[in-house]
Every structure is written in structure tokens, then in C-alpha cells.
Amino acid sequence: MRINKLNNFNNIFPLLIIFSVTGSATYLGIQQLQFFRLVLIISSLYIIFQVVKNNTKINNVLFLYISWLFLYYFLSLVSSLVNYMSLSKYETDINSFINFTIILLFNINLIYFLNKNHEKFIQILYKTVVFLFLLMLIISLYEIIWQAHLSPSKAYFQSLFTSLHYQPATFFSNPNDFMAVLTLMIVFIVGYNINRNNMNYILLYSFILFGLILSFITGSRIATLSILSILAILLFNTKIISWKFAVLSLFFLIIALYNINTNIQIIDTISSFSLGGNSTEVRKELYKSAIFLIEEKYFFGVGINNSSIYYDLLNNSNLSGAINPHNYLLEILINSGALVMLSYLLLNTIFIILFIKIKMYYLVYMLFIYQIILISSSSSIFLWFHYIYYLSIIAL
């Protein structure tokens, strides 16, 4: 019986991770029947059966997180209901409501597996993330060479000049979301190796090297800076012998960037770090507009996944057509309200204090860089992997 339970864990959990990343790119006939949703239903039924049968208990840290999740879900529903009752222009569509319910259900599944077997959870997660990283690397190479893309990003690239079609997006709707997930994967992989004190230097430096190349190709400044910070931390934790490989990796990075197709604007990417560009000003306007919402809605938000409607209705020319928050914290603030955002900040503060007390400083870094990386994503609420990453910090 124990072997069967272990096999169920080994089979369901990796599939849940894989299909949460592939998302809308993998489905059964129609988009509504995504493999992620189907596996999540099967996993949830399995968990319900196990919980009823075994009277499962949960540890204090996970209980704290799941309590916040229910608060987040409840107050988001209240915000949506308040806007609906007041006949405002912020109406939550049924698909957003279903996806938001999936957020809660998905996190409950992850928490169950983590609570059931902590070490097994982190081992399976590590192997699966390494597999997904390599898979996305192969797909990225395909997209760069043939300038062909998977279904989730086709609409995005059709709206761009063909000279930009070399940018990879893999399973995601745009290159920024792809780089946000890829960077989170690198941070987790490095964190796992540091935490286990079993450094696989060739794997780590190779992944960082590929990550840096892809960050330049996609023009993601946040991803580039984040990966460079990971490299700095890794070098700080390495033995002297690994420095040779680090120098060799940087040498190959320079060669690779030099030989990348001339259509890729490497010089423009580098100069954007110092010049800032229009995107910096647009982000400032996005942030200011989000904060002003507090005066309008007080502790409530505009409803589930309505941040794009909020920005669109502002008719602010300084936003240059941007309708997404580009910041997970502000997305929570706009959609769900100030109470949810403040409770989220409190939750993170508690975790930081706990990590400092047990001298797990890399976990503090992982939590901090998590918020930074999600600035690069246009909208993070339905970017499923970041929920996995957040729980991986607790698991490590």
C-alpha cells in the first residue's frame, strides 16, 4: 500500500508541475481542456480521498501560507462582487473566475504534496525543473532559428514587426513572461544546490550562461540583472577550482553574444541599462496609477483580473498603451485591494524573519529576487510557475 501511495506521488506531482508550465500550449482538442486543468482535477480528487482517509495535519508555516491564500481568494471575490453590485465597468468574466479558483486549488495541491513528504517534494521538483529548463532551451533554439512560435505567443508575434520574431517565448504569451519563469528556475536550481551543499558546477554555470544569452536575445533587463546577481552569489559560494569554469563560461558568453544573428539588437539592449528608455517612465506611471486606486476604492480592488481594464479606462497617454501592472504586488493591489496586499507583505516579512533566525540567507535572497523578477512579467497572476517557486522557498 505504501508503494502505491509513493507511486501516485511520483506520477501525479511531476505531471502537475510540467503541465502548469506548458499551460495553454498543451490541451486535449480544445483550449478549455488543457492538460494542466485535467491533471489538476485528478490530483485534487486523489488529495480529497487521502485527506478524508488519513486525517492529514499541516505544519505551522504551511498553515500560515494557506490561510493567506483563502484570505486572498475571499477578498478578491468580495472586490469583484462589490464592483458588480455597484454596476461599475469592472466585471469579472467567467474564465478569469475559473482561473482564479484554479490558483487556490493549485496551491492546495502543492501544499498537500509538500506537507506529505517534504524531501520527496523538493527532489521531484528539482528534477522536473531541470527537465523543463532543458525543454524550454530546445524550444527557444527552434524559435530563434526558424522564427516559429507555439500557440500561446502567436497573437503576440503577429502584432510585431517580423524583425522581432527571433525572440523566444516557448509556452508563454510573450518573451518577458518566458524569461521571468526561466530566471525563477535558475534561482531555484542554484538554491537547491547551495542548500544541499552538493554543487553541480557544470550544470549551474551552463544554465546561467544560457539564461544570460536568452535574456539578451529577449531584451529583458530584469532577467539579465537577476541572473548576474545569481552568478555573483554562486561565485561567492564556490570552491577555488570552479573559478576556472566560471571564467571559461563568461568567455563563451562573450563569443556567443558576438556571433548572435545581427538582427538581434545587443547594443540597444546594453544601452537600455544606462539610458532607461521609455519603459522606465511607463512603469512609473503604472505604479502611480495603481497607488491612486487606494483613494478611489479604499481597501477593495477592481475585481479578479481587471487590472488591464482599470488601466485602459484611465486614458492616460503617459502609459503609452500599457494596460498591465508589470508588478505582482501592484496586480494584487489593483485586483484584490490594499488589505490583501498588506497581508501579503506581512506574510513575506514573517518568512524573512524566520529565514534570518535559522541563518538561511539565500532564502531571503530568493524571496527578494522573486519580487524583482515578477516586475519583468506583464501580468503574473496566472503565471502558474511562480506559485511553485514561492512554495519551493519554504520547502528549501
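See the structure shown above.
Owing to the predicted nature of the structure, the values given are computational and were not obtained by experimental measurement.

A. A look at the overall build of the chain. If you tally the helices and strands in the chain, you get 17 helices and zero strands. Looking at the 396 residues of the chain, the share that counts as buried comes to 53%. Nonlocal contacts in the chain, meaning residues at least 24 apart in sequence, comprise 77% of its contacts between residues at least 6 apart.

B. Quick look at the packing of helix α15 (residues 338-357) against helix α16 (residues 361-373). At a minimum axis separation of 8 Å, α15 and α16 run at an interaxial angle of 155°. By the angle between their axes, α15 is roughly antiparallel relative to α16. Classified by chirality, the crossing of α16 by α15 is left-handed. Where α15 abuts α16, its residues Y344, N348, F351, I352, F355 and I356 lie against Y361, L363, V364, L367, Y370 and Q371. For the contact of α15 with α16, the residue count by class is ten nonpolar, two polar and no charged.

C. Spatial organisation of the nonpolar core. With 113 residues, the main nonpolar core has Y65 and Y389 as its most contacted residues. Residue contributions to this core peak at 14 residues, all from helix α7 (residues 175-196). Not counting chain neighbours up to four residues away, the residues in contact with Y389 comprise L184, V187, F188, M366, I369 and Y370.

D. Spatial organisation of the pattern of salt bridges. All told, the structure shown has one salt bridge when counted by the stated rule. Between E119 and R196 there is a salt bridge; the shortest N-O distance is 3.2 Å. Pair noted here: E119 is in helix α5 (residues 118-146) and R196 is in helix α7, with a separation of 77 residues, a long-range link. Taking the relative accessible area as the measure of exposure, E119 reaches 34% and is therefore partly exposed.

E. Looking closely at helix α6 (residues 151-158). Turning to α6, its buried residues number three or more, namely P152, S153 and F157. Seen from one end, α6 has its buried residues packed into an arc of 105°, which puts them on one side. Opposite its buried face, α6 presents the exposed residues A155 and Q158, each directed more than 90 degrees away. Residues of α6 that are buried in the fold lie against α5 and α7.

F. Here's a closer look at unusual backbone geometry. Of note in the backbone geometry, T170 takes a positive phi value of approximately 50° without being a glycine. On the secondary structure map, T170 appears in the loop between α6 and α7. Among the residues examined, T170 registers a relative accessible area of 0% and is labelled buried. Although it is not a glycine, K359 adopts a positive phi angle of roughly 60°. Taking the relative accessible area as the measure of exposure, K359 reaches 62% and is therefore exposed.

G. Just the packing of α5 against helix α8 (residues 201-218), in detail. In contact at an axis separation of 12 Å, α5 and α8 are set at 40° when each is read in the N-to-C sense. For the element pair α5 / α8, the angle class is oblique. The element α5 and its partner α8 pack so that their crossing is left-handed. Listed contacts from α8 to Y126, V130, F133, L134, L137, S140 and I144 of α5 are L203, F207, F210, L214 and I217.

H. Here's a closer look at the layout of surface pockets. In this structure, the second largest pocket spans a volume of roughly 750 Å³. Taken together, 30 residues line the second largest pocket, and the ones lying closest to its centre are S24, N99, S173, F382 and W384. Where the lining of the second largest pocket is concerned, the elements lending two or more residues are α1 (2-22), α2 (35-54), α4 (94-116) and α13 (307-314).

I. Local environment of helix α14 (residues 328-336). Counted residue by residue, α14 has nine buried out of nine residues, so it is predominantly covered. Within the sequence span of α14, burial applies to Y328, L329, L330, E331, I332, L333, I334, N335 and S336.

Cut-offs applied
Residues numbered from 1 in each chain as written. Predicted model: local features only at pLDDT ≥ 70, side-chain atom pairs only at ≥ 80, totals over all residues. Heavy atoms only, no water. Helix = DSSP H or I, 4+ residues; strand = E, 2+ residues; numbered from the N terminus. Buried < 20%, exposed > 50% of the residue type's maximum accessible area, 1.4 Å probe, protein only. Contact = heavy atoms within 4.5 Å. Axes fitted to C-alpha atoms, helices over the stretch in contact; angles between N-to-C directions. Parallel < 35°, antiparallel > 145°, perpendicular 65-115°, else oblique. Left-handed = near helix turned anticlockwise from the far one by under 90°. Nonpolar A, V, L, I, M, F, W, Y, C, P; charged D, E, K, R; others polar. Core = buried A, V, L, I, M, F, W, Y, C linked by side-chain atoms within 4.5 Å. Salt bridge = Lys/Arg side-chain N within 4 Å of Asp/Glu carboxyl O. Arc of directions from axis to C-beta. 1 Å grid on protein atoms, 1.4 Å probe; cavity = no way out; pocket = protein on both sides within 12 Å on 5 of 7 lines; lining within 4 Å. Points joined across faces, edges and corners; volume = space filled by probe spheres on them.

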